[in-house]
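The lines below spell out each chain.
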There are 2 protein chains.
Amino acid sequence: MYPLDHVGIAVENLDESITFYQRQLGAQLIHREIVASQATEVAFIALPNCLIELLTPNRPESPVAKFLAKHGSGLHHLCYRVPDVSAELARQRSLGAMLIDGTPRKGARGHLIAFVHPKSMNGVLTEFCQAT
Amino acid sequence: MYPLDHVGIAVENLDESITFYQRQLGAQLIHREIVASQATEVAFIALPNCLIELLTPNRPESPVAKFLAKHGSGLHHLCYRVPDVSAELARQRSLGAMLIDGTPRKGARGHLIAFVHPKSMNGVLTEFCQAT
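Residues numbered from 1 in each chain as written. Chains lettered and ligands numbered in written order. Predicted model: local features only at pLDDT ≥ 70, side-chain atom pairs only at ≥ 80, totals over all residues. Heavy atoms only, no water.

Draft legend 1. How the structure looks around unusual backbone geometry. All names here are of chain A. If you check the backbone angles, Arg109 has positive phi at about 65° while not being a glycine. Within the secondary structure layout, Arg109 lies in the loop between strand E6 (105-106) and strand E7 (112-116). Owing to a relative accessible area of 24%, Arg109 belongs among the partly exposed residues under this scheme. (Helix = DSSP H or I, 4+ residues; strand = E, 2+ residues; numbered from the N terminus. Buried < 20%, exposed > 50% of the residue type's maximum accessible area, 1.4 Å probe, protein only.)

Okay, structure coming up:
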């Protein structure tokens, strides 16, 4: 049983959304970063028990740009914190999950991350992350 | 700053999804209930730091049935735990939020709950809940 590390929310304008979460929910910005490999800029907002990751595309070919074009702003993915992403990918594969990332890669905050396809996760794009 | 009480996920088949979360994530079923006012059946799955609420329609006119017809299974809403839902609704209204529920009503687990429209919440259907 893994803790929820963060809820990913795709947004059109990162600055406006950070301000929104600060004002509307009293949440705190703790980290902001460009993730070049995903063509996104992300901001992590702290709640008392988990994080919200706001994601916005910084290039048109970003997967988040495609998501926004199709759905608009909104809930994008869930990320669970695991002790070992490689072991978790092997376990998910053995349970029949469709992996998007066959091996862990470096994501935001220097974490090792990997995504599993929503088709095999109850319709939810699912990320596993490991602090390094 | 409020803790995330749960992530709501709309599903087609509650039994299958409960089994899925138990097997795939080692999560535990802690509560299951029919919420007649919303024409839904819900199950709460415990993670170490928050809950997942699986929702499925139990009548065709359920709002969750409409969601599933449009989007399929997937992320549905976020719920924050607050000390006083009435006070929070007044605060959200003063900040310009569009309330779905103008006053708190009884939801699952006997909690007082109220929903705020996604249009005024960064595209995220947002619930506030208060234990009673």
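Right, picking up where we left off after that structure.
Draft legend 2. Looking closely at the relation of the copies chain A and chain B. Rotating chain A by 180° and moving it 0.0 Å along the rotation axis overlays it on chain B with an RMSD of 0.0 Å. One copy is carried onto the other by what is essentially a two-fold rotation axis. Mapped onto chain B, 100% of the interface residues of chain A again fall at the interface, so both copies present the same surface. (Least-squares fit on C-alpha atoms with pLDDT ≥ 70 in both. Contact = heavy atoms within 4.5 Å.)

Draft legend 3. Examining the environment of Asn122(B) more closely. Take Asn122(B): it is sitting in the loop between strand E7 (112-116) and strand E8 (126-130). C-alpha separation for the pair Asn122(B) and Glu16(B), spaced 106 residues apart in sequence, amounts to 31 Å. Those residues within four positions of Asn122(B) in sequence are excluded, and the remaining contacts are Ile9(A), Val11(A), Ser17(A), Phe20(A), Tyr21(A), Ser73(A) and Gly74(A). Within the structure, the side chain of Asn122(B) is placed 2.6 Å from the side chain of Ser17(A), a separation counted as a polar contact. (Polar contact = N/O pair within 3.5 Å; in protein donor to acceptor, adjacent residues only side chain to side chain.)

Draft legend 4. Broad picture of the sheet that holds strand E4 (residues 51-57) of chain B. Residue and element names in this part refer to chain B. On the basis of which strands lie adjacent, the open sheet formed by eight strands has the order E2-E3-E4-E1-E5-E8-E7-E6 and mixed pairing. Only two strands of the sheet have a single partner each, and these edge strands are strand E2 (28-35) and strand E6 (105-106). As paired elements, strand E1 (residues 4-10) and strand E5 (residues 74-81) share six bridges and run antiparallel to each other. Across the sheet, the residue bridging to Leu4 is Tyr80, located in E5. Contacts between helix H2 (residues 63-71) and the sheet are confined to E1, strand E3 (40-46), E4 and E5, with E4 contributing the most and set at about 90° to the helix. (Pairing = 2+ DSSP bridges. Axes fitted to C-alpha atoms, helices over the stretch in contact; angles between N-to-C directions.)

Draft legend 5. Molecular detail of the pairing of strand E3 (residues 40-46) of chain A. Residues and elements named next belong to chain A. For E3, the tally of buried residues reaches six of seven residues, placing the bulk of the element in the interior. Across seven bridges, the pairing between strand E2 (residues 28-35) and E3 is antiparallel. Each residue of the ladder has a partner; that of Leu29, found in E3, is Ile45. Here seven bridges tie E3 to strand E4 (residues 51-57), and the two strands are oriented antiparallel to one another. In the strand pairing of E4, Glu41 is matched with Thr56. Between E3 and E4, which pair antiparallel and follow one another directly, the connecting turn spans four residues.

Note that all results are geometric; they support no functional claim without further evidence.
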